[in-house]
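The residues making up each chain are set out below.
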Amino acid sequence: MEKFTIHTGRALPLRRSNVDTDQIIPAEYLKRVTRTGFEDGLFAAWRKDPDFILNQPQYAGVSVLVAGPDFGTGSSREHAVWALNDYGFRVVLSSRYADIFRGNSSKAGLLTAVVAEDRIEQIWADVEADPATEVTVDLAAREVRWAGQTAPFDIDDYTRWRLMEGLDDIGLTLRHEEMVTEFEHSRPGWLPRTLPAKSG
Amino acid sequence: MGSTMGRTLAQKVWDAHVVRSADGEPDLLYIDLHLVHEVTSPQAFDGLRLAGRPVRRPDLTIATEDHNVPTVDIDKPIADLVSRTQVETLRRNCAEFGVRLAPMGDIDQGIVHVIGPQLGLTQPGMTVVCGDSHTSTHGAFGALAFGIGTSEVEHVLATQTLPLRPFKTMAVEVRGKLAPGVTAKDIVLALITQIGTGGGQGHVIEYRGEAIEALSVEARMTICNMSIEAGARAGMIAPDDTTFEYLEGRPHAAEGADWDAAVAYWRGLRTDDDAEFDTVVELDASTLTPFVTWGTNPGQGAPLGAEIPNPASFANPADRAAAERALEYMGLEAGTKLRDIAVDTVFVGSCTNGRIEDLRAAAEVIKGRKVADGVRMLVVPGSVRVRLQAMEEGLDQVFLDAGAEWRGAGCSMCLGMNPDQLAPQERSASTSNRNFEGRQGKGGRTHLVSPLVAAATAVTGRLSSPSDLDRVEV
């Protein structure tokens with residue numbers, strides 16, 4: 001995973017709440033077996049509308065998505081995070097995220113920062129007034145800066161550390177493999193196993 | 001989580017699975033059962049291959065093909081090449097890594113959340129994960145079960161553990177008794193409308209109270225299934241005699257002295273009287289009536305007897321904007337009676353309502369009646385075993401006589417990854433779990449309903465409950 005410390009880029013003001021992962025990437029794009037190349041599926045249904053904000057030329061090349069509350073609800077598909085990454089987004093700002101989406105983001109190096117709703121409104125207004133506005137997301141300082149303004153954001157210490165170090169969870173867990181083995185010895189014998197199946 | 005105070009059911013299951021706990025870090029939790037399907041696993045197996053890692057516990061892992069599979073001509077190769085590749089990739093991965101697979105045509109194939117319980121693999125007190133948000137279904141047994149992303153699928157395959165921060169706990173107390181014709185689906189749809197799609201965020205919900213205790217295990221699965229639509233990570237119900245009766249004798253359930261030891265342990269899996277929940281929500285079952293959705297998220301619902309609300313009536317600006325947008329997408333107007341909404345498709349199936357009791361309920365309503373002209377009704381059993389059981393009971397013939405289509409098992413029109421889709425502007429009454437834009441097909445419009453409402457709607461061609469049918473006949 002790539003390390004994340006600070007990112008500056010232009011922003012997409014997506015004035016919608018409850019953006020579910022079916023909207024972020026529709027199911028038809030989930031049939032691939034690769035880890036990359038999902039950018040064509042990002043907001044695929046909405047992008048068919050030429051007026052959709054991501055189709056507007058002033059927002060070409062954006063890398064910070066600023067969305068309404070309850071972003072990433074619904075399906076657990078990590079493809080939603082990959083689609084955002086592949087399209088070029090490095091950060092999402094919203095006042096509230098669905099839990100699974102947020103977890104997936106942290107695994108794939110996409111920063112999801114919790115920013116107060118009134119600050120989101122302000123960023124929307126400022127970016128709409130001037131789409132060239134640069135937004136800086138500083139993970140070290142836990143701060144968003146744009147147009148001379150700042151807003152703090154929430155992220156837990158552990159996720160922040162992992163993102164800043166670009167650490168792989170599996171590698172971290174395997175450092176404690178002997179504890180996993182020890183735990184396994186303590187599991188009751190009546191717990192089910194998938195192999196071999198009894199007849200029936 | 002809890003120290004000297006009493007503990008909730010969720011906390012007990014959590015505590016029993018902590019492999020490692022350290023200040024400032026997530027707990028490392030052991031996973032008892034990992035369910036795998038073709039859509040969210042290929043990149044995870046690829047990751048293992050790249051790192052040269054094996055699957056740590058193939059004997060705690062089981063895979064099936066459900067999201068992509070066609071529900072007709074299942075003996076032929078999958079026509080959609082991309083879907084076929086995904087299914088074939090799963091088969092190759094399972095063979096290479098030694099994971100048991102129930103492929104198309106196998107008697108144990110079906111929706112992953114239907115086959116786990118059916119095989120007796122889902123048991124009280126276990127931790128269950130799957131790369132699918134509806135893993136919450138398995139909480140009906142008192143398991144801590146939740147959906148994960150593909151990176152976490154790889155993590156579980158490699159280590160049989162997950163690093164997790166403790167969830168908050170929410171009690172949903174459902175008092176009173178359900179009236180006839182009102183089901184578990186109506187309880188959960190009403191709950192989501194009450195607390196919203198973000199209401200359960202960060203929480204594990206424990207469903208409690210008289211109305212919950214009275215439900216069958218399958219009905220409990222319907223409720224726990226949709227916990228994710230309220231934003232919760234998981235839903236749970238304390239195991240009781242109903243649960244134990246369902247499990248006893250299933251292929252993977254313990255036997256003899258092992259069974260007795262298991263039941264003795266399971267009886268302790270209840271929230272202590274002095275335990276405290278972070279959030280408590282109350283619902284009165286006796287006041288509930290059949291509930292349907294009118295919008296494009298599962299929190300936009302209302303009793304079937306109501307009208308579509310006016311977006312202006314929502315105090316929160318985001319809710320108002322969402323309602324306006326939803327009505328535009330759905331092609332509906334505020335003030336329209338829900339019973340006046342005509343549909344062209346009825347879908348009975350999914351991990352929410354694709355089990356044998358759901359099919360029985362729908363069949364009982366439609367028996368001796370006909371699907372309305374211009375309406376197509378798809379009945380898709382949740383698994384091959386559910387399908388065979390239904391056929392043994394003659395339910396297939398009931399549906400076929402009414403003019404419905406009787407299909408093979410899979411996720412089907414719940415998300416339209418296979419050919420079972422809505423065309424643009426088509427409108428469905430669906431027993432599934434999500435009414436998102438385009439969920440059942442591009443431009444398709446979905447109303448979430450119970451199996452009883454689905455069957456009655458098929459007969460009248462408009463959103464209806466079985467009591468509407470009786471009225472017509474008198």
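Residues numbered from 1 in each chain as written. Chains lettered and ligands numbered in written order. Predicted model: local features only at pLDDT ≥ 70, side-chain atom pairs only at ≥ 80, totals over all residues. Heavy atoms only, no water.

1. Digging into the overall build of chain A
In terms of helices and strands, chain A carries 8 helices and 7 strands. C-alpha extents for chain A along the principal axes are approximately 65 × 40 × 25 Å. Relative to its full complement of 200 residues, chain A shows a buried share of 57%. Within the structure as shown, chain A displays about 8,000 Å² of accessible surface, and the carbon and sulfur contribution to it stands at 48%. Taking the 23 positively charged and 31 negatively charged side chains of chain A as two groups, their mean positions are separated by 4 Å. (Helix = DSSP H or I, 4+ residues; strand = E, 2+ residues; numbered from the N terminus. Buried < 20%, exposed > 50% of the residue type's maximum accessible area, 1.4 Å probe, protein only. Areas by Shrake-Rupley, 256 points an atom, 1.4 Å probe, with all protein chains shown as cover. Lys, Arg positive; Asp, Glu negative; His and termini not counted. Charge placed at Lys NZ, Arg CZ, Asp CG, Glu CD.)

2. Let's talk about the overall build of chain B
Check the secondary structure of chain B and you find 17 helices and 19 strands. Whereas a compact globule of 474 residues would reach a radius of gyration of roughly 23 Å, chain B reaches 22 Å, a difference of no more than 12%. C-alpha atoms of chain B, sized along the principal axes, occupy 60 × 55 × 45 Å. When the 474 residues of chain B are sorted by exposure, 66% land in the buried category. For chain B, restricting intrachain contacts to residue pairs at least 6 apart in sequence, the fraction spanning at least 24 positions comes to 76%. Just so you have it, chain B exposes about 15,600 Å², and 49% of that area is on carbon and sulfur atoms. Once the 43 positive and 63 negative side-chain charges of chain B are each reduced to a mean point, those two points are 3 Å apart. (Rg over C-alpha atoms; globule rule 2.2 N^0.38 Å. Contact = heavy atoms within 4.5 Å.)

3. So, unusual backbone geometry
All names here are of chain B. Even without glycine at this site, Asp73 takes up a positive phi of about 50°. Structurally, Asp73 can be placed in the loop between strand 4 (61-64) and helix 3 (81-97). Even without glycine at this site, Gln160 takes up a positive phi of about 60°. Its place among the elements puts Gln160 in the loop between helix 5 (150-159) and strand 8 (161-164).

4. Remarks on the sheet that holds strand 7 (residues 149-152) of chain A
Residues and elements named next belong to chain A. One open sheet holds the 7 strands; their spatial order is 4-3-2-1-5-6-7, and the pairing between them is mixed. What marks the edges here is a single partner per strand, and that holds for strand 4 (111-114) and strand 7. For this sheet, the mean angle separating the axes of adjacent strands, direction not counted, is 30°. Note: strand 5 (residues 134-138) against strand 6 (residues 143-146), 4 bridges, orientation antiparallel. Of the residues in strand 6, the one forming a bridge with Val135 is Trp146. (Pairing = 2+ DSSP bridges. Axes fitted to C-alpha atoms, helices over the stretch in contact; angles between N-to-C directions.)

5. Re the interface of chain B and chain A
Across the boundary between the two partners, chain B contributes 84 residues, which contact 57 residues of chain A. Together, the buried faces of chain B and chain A total about 5,900 Å²; carbon and sulfur atoms form 56% of this surface. One can count 9 salt bridges joining chain B with chain A. If you look at where chain B meets chain A, you find 37 residue pairs in polar contact (both at pLDDT 80 or more). (Buried area = accessible area lost by both parts, 1.4 Å probe. Salt bridge = Lys/Arg side-chain N within 4 Å of Asp/Glu carboxyl O. Polar contact = N/O pair within 3.5 Å; in protein donor to acceptor, adjacent residues only side chain to side chain.)

6. Concerning the pairing of strand 4 of chain A
Residue and element names in this part refer to chain A. Sheet topology note: the strand 3 (residues 91-94)/strand 4 ladder contains 4 bridges and is parallel. Opposite Val91, over in strand 4, you have Leu111 as the bridge partner. For the crossover that starts at strand 3, traverses helix 4 (residues 99-107) and ends in the parallel strand 4, the hand is right-handed. (Right-handed = clockwise from strand over helix to strand, strands pointing away.)

7. Quick word on the environment of Gly382(B)
Residues and elements named next belong to chain B. Relative to the elements of secondary structure, Gly382 occurs in the loop between strand 16 (376-379) and helix 14 (384-392). Looking at Gly382, the relative accessible area reads 0%, which means it is buried. Linking Gly382 and Ile115, residues 267 residues apart in sequence, is a C-alpha distance of 8.2 Å.

8. Examining the packing of helix 2 (residues 42-51) of chain B against helix 3 of chain B
Residue and element names in this part refer to chain B. Here helix 2 crosses helix 3 at 40°, and the two axes come no closer than 10 Å. By the criterion of interaxial angle, the relationship of helix 2 to helix 3 is oblique. Handedness of the helix 2/helix 3 crossing: left-handed. Between helix 2 and helix 3, the contacting residues are Pro42, Phe45, Leu48 and Arg49 on the first element and Gln86, Thr89, Leu90, Asn93, Glu96 and Phe97 on the second. A class-by-class count of the residues in the contact of helix 2 with helix 3 yields 5 nonpolar, 3 polar and 2 charged. (Parallel < 35°, antiparallel > 145°, perpendicular 65-115°, else oblique. Left-handed = near helix turned anticlockwise from the far one by under 90°. Nonpolar A, V, L, I, M, F, W, Y, C, P; charged D, E, K, R; others polar.)

9. As for the sheet that holds strand 6 (residues 127-130) of chain B
Residues and elements named next belong to chain B. Spatially, 5 strands are ordered 5-4-3-6-7 in an open sheet, and the strand pairing comes out parallel. Edge positions in the sheet fall to strand 5 (100-102) and strand 7 (144-147), since each of these pairs with one other strand and no more. On average, each strand axis in the sheet is tilted by 20° relative to the strand beside it, whichever way the strands run. Here 3 bridges tie strand 3 (residues 33-36) to strand 4, and the two strands are oriented parallel to one another. Within the sheet, the bridge partner assigned to Val36 lies in strand 4 and is Ala63.

10. Things to note about the pairing of strand 10 (residues 203-208) of chain B
Residues and elements named next belong to chain B. Among the 6 residues in strand 10, 5 count as buried, and that is most of the element. Summarising the sheet, strand 9 (residues 168-175) and strand 10 pair through 6 bridges and their orientation is parallel. Directly across from Glu173, in strand 10, lies its bridge partner Arg208. This β-α-β element, strand 9 to helix 6 (residues 184-195) to strand 10, shows right-handed connectivity.

11. Describing the confidence of the model for chain B
Across chain B, the average pLDDT comes to 96, with 98% of residues at 70 or higher. Across the interfaces of the predicted complex, the ipTM metric reaches 0.93, alongside a pTM of 0.95. (pLDDT = per-residue confidence, 0-100.)

12. Notes on the nonpolar core
Phe43(A), Phe71(A), Leu84(A), Leu93(A), Met377(B) and Phe399(B) are the most contacted members of the largest nonpolar core, which has 108 residues in total. It is helix 16 (residues 451-460) of chain B that contributes the most residues to this core, 7 residues altogether. Those residues in contact with Phe399(B) that sit more than four places away from it in its chain are Leu359(B), Ala362(B), Ala363(B), Ile366(B), Met377(B), Val379(B), Ala404(B) and Trp406(B). Membership of the second largest hydrophobic core comes to 89 residues, among which are Leu33(B), Leu144(B), Tyr246(B) and Trp259(B). (Core = buried A, V, L, I, M, F, W, Y, C linked by side-chain atoms within 4.5 Å.)

13. Quick look at the pattern of salt bridges
Under the criterion given, the structure shown has 44 salt bridges over all chains. Between Arg407(B) and Glu405(B) there is a salt bridge, with its nearest N and O atoms 2.6 Å apart. One continuous salt-bridge network, built from bridges that share partners, spans Glu177(A), Glu184(A), Arg193(A), Arg56(B), Arg57(B) and Asp59(B).

14. Concerning helix 4 of chain A
Counting buried positions along helix 4 of chain A gives 7 out of 9 residues, so the element sits mostly inside the fold. Taken from the residues just after helix 4 of chain A, Gly109(A) is the one with a positive phi, measuring 80°.

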